[in-house]
Amino acid sequence: MTTQYIGRFAPSPSGPLHFGSLVAALGSYLQAKSQQGQWLVRIEDLDPPREIVGASDLIIETLENYGFEWDGEIVYQSQRHDLYQSQIDQWIKQCNAYFCQCTRKQIKADGGFYLGRCKHKQLSEENASVRLVMQHPIESFSDIKHGTIQIPSQLAQEDFIIKRRDGLFAYNLAVVLDDIEQGITEVVRGADLIEPTGRQISLYRQLGKKEVSYLHLPLAVDDSGNKLSKQNYAPAIDNADPKPTLLAALQFLGFSLPKDIETATLNEIFQWAIKNWQLKQLPTGLEITTPFSKPAI
Ligand code: GLU
């Protein structure tokens, strides 16, 4: 029996959708829909201090205006803290995780990597982060477009944080628990998330689950090589006139567009793109400069 493809787009509501996040939405959508799969949307609102009021709704509205159709209900990580906490409690009880009070300064003084100073200290949870005891270090993984990707050994070996000292759940933990719970079979996202992939696979191993497959899309960068991100104030994409930006995102993903596509409806454009999507058209580089990095004047 073959498993049905289930993909997802998982934006953090730290600002409106920008060109880079549109590329991630589109790439994951085409990869899912070209395999008759499902495409889920999950809002990763794990970090309230970095969120902007109204950004979740705006992201959803933009996806709708651009013509994306998601399957099922939208899931919000802010409503799933019990799932994350109960896994942490279980790992602490089994001595697979522990409390740590090391500061960034301490870790920097140790050479930039956490050396396990708190591992055997039996600290209490007060003013402490929670770290996973690394039992499954991942030093390479296979990306379906880019092949084997190496991860620096010291990074792979680190007991990384699964809950922060300020009480917020770590992205790696939440993403893996949610992807498992939602039955995701493949993760398609920007190449800025290549590095954490190793840690995410270690979490699958720790949980005794088979990891998803991974496809990392080229990252949209500005003229100076900086990633387009909400933190860098990348401009929001045009919500009122989606077609030009949608076509630009398709070109970014390696499509050569037929001339008459200019007159097609959004729905026709999506149908055409789903039919013609092929992994081999994707550019091989991991970073591509885009003119969408500057606010239109
Ligand atoms: N929430 C992450 C972001 O917006 C993406 C997470 C993922 O796709 O794994 O950068």
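All figures in this text were calculated on a predicted structure; none of them were measured in a lab.

Rules behind the numbers
- Residues numbered from 1 in each chain as written.
- Predicted model: local features only at pLDDT ≥ 70, side-chain atom pairs only at ≥ 80, totals over all residues.
- Heavy atoms only, no water.
- Pairing = 2+ DSSP bridges.
- Helix = DSSP H or I, 4+ residues; strand = E, 2+ residues; numbered from the N terminus.
- Axes fitted to C-alpha atoms, helices over the stretch in contact; angles between N-to-C directions.
- Buried < 20%, exposed > 50% of the residue type's maximum accessible area, 1.4 Å probe, protein only.
- Contact = heavy atoms within 4.5 Å.
- Near = heavy atom within 4 Å.
- Polar contact = N/O pair within 3.5 Å; in protein donor to acceptor, adjacent residues only side chain to side chain.
- Areas by Shrake-Rupley, 256 points an atom, 1.4 Å probe, with all protein chains shown as cover.
- Nonpolar A, V, L, I, M, F, W, Y, C, P; charged D, E, K, R; others polar.
- UniProt positions renumbered as here; feature names shortened; annotations may be inferred.

Here we have three strands laid out as an open sheet, ordered S4-S5-S8, and antiparallel in their pairing. Looking at the sheet topology across the chains shown, the edges are occupied by strand S4 (97-100) and strand S8 (161-163). Taken over all neighbouring pairs, the strand axes of this sheet differ in orientation by 45 degrees on average, direction set aside. Pairing of strand S5 (residues 129-132) with S8 involves two bridges; the strand directions are antiparallel. Residue pairing in the sheet places Arg 131 in a bridge with Ile 161 of S8.

Another aspect to go through is helix H8 (residues 242-252). Since the α-helix turns once every 3.6 residues, residues separated by three or four places project in the same direction. Within H8, eight of the 11 residues are buried, which leaves the element mostly enclosed by the surrounding structure. The secondary structure elements touched by the buried residues of H8 are helix H1 (19-33), helix H2 (55-66), strand S11 (219-221), helix H9 (266-276) and strand S12 (287-289). Residue Gly 254 follows H8 closely and has a positive phi angle near 95 degrees.

Non-glycine residue Cys 95 carries a positive phi angle of around 60 degrees. Along the chain, the position of Cys 95 falls in the loop between helix H3 (81-93) and S4. Residue classification places Cys 95 among the exposed positions, given a relative accessible area of 61%. Even without being a glycine, Gln 122 presents a positive backbone phi close to 50 degrees. Locating Gln 122 in the fold gives a position in the loop between helix H4 (104-109) and S5.

On to the site of the ligand. Contacts to the ligand come from Arg 8, Ala 10, Pro 11, Ser 12, Glu 44, Tyr 171, Val 175, Arg 189 and Leu 193. One of the side-chain N or O atoms of Arg 8 is found 2.6 Å from an oxygen atom in the ligand. For the ligand, a nitrogen atom lies 2.7 Å from a polar atom in the backbone of Ala 10. Look at the ligand: alone it shows 310 Å² of surface, and the protein chains cover 81% of it. Grouping the amino acids of the shell around the ligand by side-chain chemistry returns five nonpolar, one polar and three charged.

Here, UniProt's "binding site: Zn(2+)" (unreviewed entry) annotation points to Cys 100, Cys 102, Tyr 114 and Cys 118. Sequence-wise these annotated residues cover 19 residues; spatially they are packed, their C-alpha atoms never more than 10.3 Å apart. Excluding anything up to four places from it in sequence, Tyr 114 contacts Tyr 98, Cys 100, Cys 102, Ile 107, Lys 119, Arg 131, Glu 158 and Asp 159. Within polar-contact distance, the side chain of Tyr 114 engages the backbone nitrogen of Cys 118 at 3.0 Å. Within the secondary structure, Cys 118 is located in the loop between H4 and S5. Looking at Cys 118, the relative accessible area reads 3%, which means it is buried. In contact with Cys 118, not counting residues within four places along its chain, are Tyr 98, Phe 99, Cys 100, Gln 101, Cys 102 and Leu 123.

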